[in-house]
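The residues making up each chain are set out below.
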Amino acid sequence: MNDQVEIRLLGRLWIRLGNGTVVPASQWTTGKTSDLLRLLALKADQIVSTDSLTAKLWPDVPDARAAASLHTATAQIRKVLGKNSITRHLSGMQLQGCWVDVVAHQNLAAEISTAMRSRDFVRVISAAKQAEALYVDDFHAHDDASTWAEDIRDELRSQRKLMLVDAAESAIELGWMRDAIEMSTLAISLDPCFERAHRALMRAYAGVGETDSAIR
C-alpha cells in the first residue's frame, strides 16, 4: 500500500491517509458524504457515472439539488483525502490513488477463478485465506437498508462463500482435510442450504475417517 490512502469498507468505514493518520468519522460531515466515498471506493480507479451516484444517494431530490449535493460531498472528500483524490470526467467521477479492501477481495476472487481452471489448488487456498483476512465483516453503508447497499452486501457474501467452497474442494484434492473442514464449515455458516459446501464437508470428514460426522 506504501503511501496510498487505505480504505476499508468491510465492516465499519475506516480510512488511513498516506502519512499514517486515521481519519475520524466526523470528517465526513454527513452520511451521504460517507456513502459517496463508499460508492466511489467500490469502483476505485474506474469512472463512476454521475447519474448513477445521484440516483443512489439522492433518488427523490430534483436534479439540480442532487447535483449541488454531489458537488458539496465531493469537495469534502477531496478536502480529507487530497484535492487529486477524485477526478472528474465527462461521463462521471473517479477515485484514484487508493487501496480498497473490497477491490483487493474481488481481485483475489478473480485469482481463485483462474487458479481453479488451472488446478493450482495451493494458490486457490492461499488466495482464499488472504481474502478471509480482509473480510472482517459484511459491507455496510450509512443508508444500510438502501437497495444499492443490500445488493453490494449480498454480492460480496455470495462471492465469499464461493471462494470458501473452491478452497475447500482444493484442499480435498491436496488431501488437506482439516483445511477443507474449516473452509466448508464456514461456507455453510454463511448459507446453510449451500449444497456444494455440504458435499465438501462430507468428503473431508470421510477423508479423516470421521464417518459418523460425514453421515450426519
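Residues numbered from 1 in each chain as written. Predicted model: local features only at pLDDT ≥ 70, side-chain atom pairs only at ≥ 80, totals over all residues. Heavy atoms only, no water.

(A) The packing of aromatic side chains, seen in detail. Counted according to the given criterion, the structure contains 1 aromatic pair. Seen from the ring of Tyr 135, Arg 160 lies directly overhead, with NZ or CZ sitting 4.5 Å from the centre. The ring of Phe 194 carries the charged tip of Lys 161 above its face, separated from the ring centre by 4.8 Å. (Phe/Tyr/Trp six-rings, centres within 6.5 Å; stacked < 30°, edge-to-face > 60°. Lys NZ or Arg CZ within 6 Å of the ring centre and 35° of its normal.)

(B) Looking closely at the pairing of strand S4 (residues 86–89). Across 4 bridges, the pairing between S4 and strand S5 (residues 92–95) is antiparallel. Its bridge partner lying in S5, His 89 is registered against Gly 92. Connecting the antiparallel pair S4 and S5 is a turn made up of 2 residues. (Pairing = 2+ DSSP bridges. Helix = DSSP H or I, 4+ residues; strand = E, 2+ residues; numbered from the N terminus.)

(C) Examining a nonpolar patch on the surface more closely. Where nonpolar side chains cluster on the molecular surface, the patch consists of Val 122, Leu 174 and Trp 176 and spans about 240 Å² of accessible area. Considering the arrangement of structural elements, one finds Trp 176 in the loop between helix H6 (147–174) and helix H7 (177–190). (Patch = residues over 30% accessible without salt bridge, like charges linked within 9 Å, V, L, I, M, F, W, Y side chains within 5 Å. Areas by Shrake-Rupley, 256 points an atom, 1.4 Å probe, with all protein chains shown as cover. Salt bridge = Lys/Arg side-chain N within 4 Å of Asp/Glu carboxyl O.)

(D) Representation of the pattern of salt bridges in the model. By the definition in use, this model includes 13 salt bridges. Residue Lys 129 is joined to Asp 179 by a salt bridge in which the shortest nitrogen-to-oxygen separation is 3.4 Å. Placement of Lys 129 in helix H5 (residues 121–134) and of Asp 179 in helix H7 is noted, with a sequence separation of 50 residues between them. Note on Lys 129: relative accessible area 41%, which makes it partly exposed. (Buried < 20%, exposed > 50% of the residue type's maximum accessible area, 1.4 Å probe, protein only.)

(E) Focus on the packing of helix H1 (residues 31–42) against helix H2 (residues 50–57). Between H1 and H2, whose axes approach to 11 Å, the crossing angle comes to 135°. Judged on the interaxial angle alone, H2 and H1 are oblique. Our pair here, H1 against H2, has a crossing hand that is right-handed. Residue-level contacts link Lys 32, Asp 35, Leu 36, Leu 39 and Leu 40 of H1 to Leu 53, Lys 56 and Leu 57 of H2. Its residues assigned to classes, the contact of H1 with H2 shows 5 nonpolar, no polar and 3 charged. (Axes fitted to C-alpha atoms, helices over the stretch in contact; angles between N-to-C directions. Parallel < 35°, antiparallel > 145°, perpendicular 65-115°, else oblique. Left-handed = near helix turned anticlockwise from the far one by under 90°. Contact = heavy atoms within 4.5 Å. Nonpolar A, V, L, I, M, F, W, Y, C, P; charged D, E, K, R; others polar.)

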